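Next come the chains, spelled out residue by residue.
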Amino acid sequence: MNRELIRRLRVNKNMNQYEFSRYIGISRGLLAQIEAGYISPSRSVIQKILSVFDEDYIEKVRALL
């Protein structure tokens, strides 16, 4: 899962970074660093995203990239 997909998931939910980070259970700072490309999402972050979005939704957003 790359930074652009994560950003698109957030944008498609019409959430700002603060709202989305709370929704998936990480800090806003961590989300900002991931979206900016400073760090890659850890396995833990990816698992948190997968726990709140179903696979069909993720694939639909991925198709938009």
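Data block above holds the structure.
On a predicted model such as this, the values are computed, not experimentally measured, just so you know.

Colleague: Honestly, the packing of helix α1 (residues 3-12) against helix α3 (residues 28-36) in this entry has me stumped. Any pointers?
Modeller: Put simply, α1 and α3 touch, their axes get as near as 8 Å, and they point 125° apart. Taken together, the axis directions place α1 and α3 in an arrangement best described as oblique. Across the interface between the two elements, R3, I6, R7 and R10 of α1 pack against L31, I34, E35 and A36 of α3. Broken down by class, the residue content of the contact of α1 with α3 amounts to four nonpolar, no polar and four charged.

Colleague: So what exactly am I meant to see when it comes to the pattern of salt bridges here?
Modeller: It is possible for side chains of opposite charge to pair when their charged atoms get near one another. By the definition in use, this model includes four salt bridges. In this structure, the salt-bridge partner of R10 is E35, at a minimum N-O distance of 2.8 Å. Remark: E35 occurs in helix α3 and R10 occurs in helix α1; sequence separation between them is 25 residues. With its nearest N and O atoms 3.0 Å apart, the salt bridge here joins R62 to E59.

Colleague: What's the story with the packing of aromatic side chains in this structure? I'm lost.
Modeller: By convention here, two paired aromatic rings are described through the distance between centres and the angle between planes. Evaluation of the coordinates by the stated rule reveals three aromatic pairs. Plain terms: the ring middles of F20 and F53 are 5.9 Å apart, the flat faces sit at 25° to each other, and that makes the pair stacked. Placement of F20 in helix α2 (residues 17-24) and of F53 in the loop between α4 (43-52) and α5 (55-64) is noted, with a sequence separation of 33 residues between them. Residue class for F53 comes out buried when judged on its relative accessible area of 5%. In this structure, K13 is placed above the aromatic ring of Y57, and the distance from its NZ or CZ to the ring centre is 5.0 Å.

Colleague: Honestly, the side chain of R10 in this entry has me stumped. Any pointers?
Modeller: What makes R10 buried here is its relative accessible area of 12%. With residues near it in sequence (within four places) discarded, R10 still touches M15, N16, Q17, F20, L31 and E35.

Thresholds, definitions, all that
- Residues numbered from 1 in each chain as written.
- Predicted model: local features only at pLDDT ≥ 70, side-chain atom pairs only at ≥ 80, totals over all residues.
- Heavy atoms only, no water.
- Axes fitted to C-alpha atoms, helices over the stretch in contact; angles between N-to-C directions.
- Helix = DSSP H or I, 4+ residues; strand = E, 2+ residues; numbered from the N terminus.
- Parallel < 35°, antiparallel > 145°, perpendicular 65-115°, else oblique.
- Contact = heavy atoms within 4.5 Å.
- Nonpolar A, V, L, I, M, F, W, Y, C, P; charged D, E, K, R; others polar.
- Salt bridge = Lys/Arg side-chain N within 4 Å of Asp/Glu carboxyl O.
- Phe/Tyr/Trp six-rings, centres within 6.5 Å; stacked < 30°, edge-to-face > 60°.
- Buried < 20%, exposed > 50% of the residue type's maximum accessible area, 1.4 Å probe, protein only.
- Lys NZ or Arg CZ within 6 Å of the ring centre and 35° of its normal.

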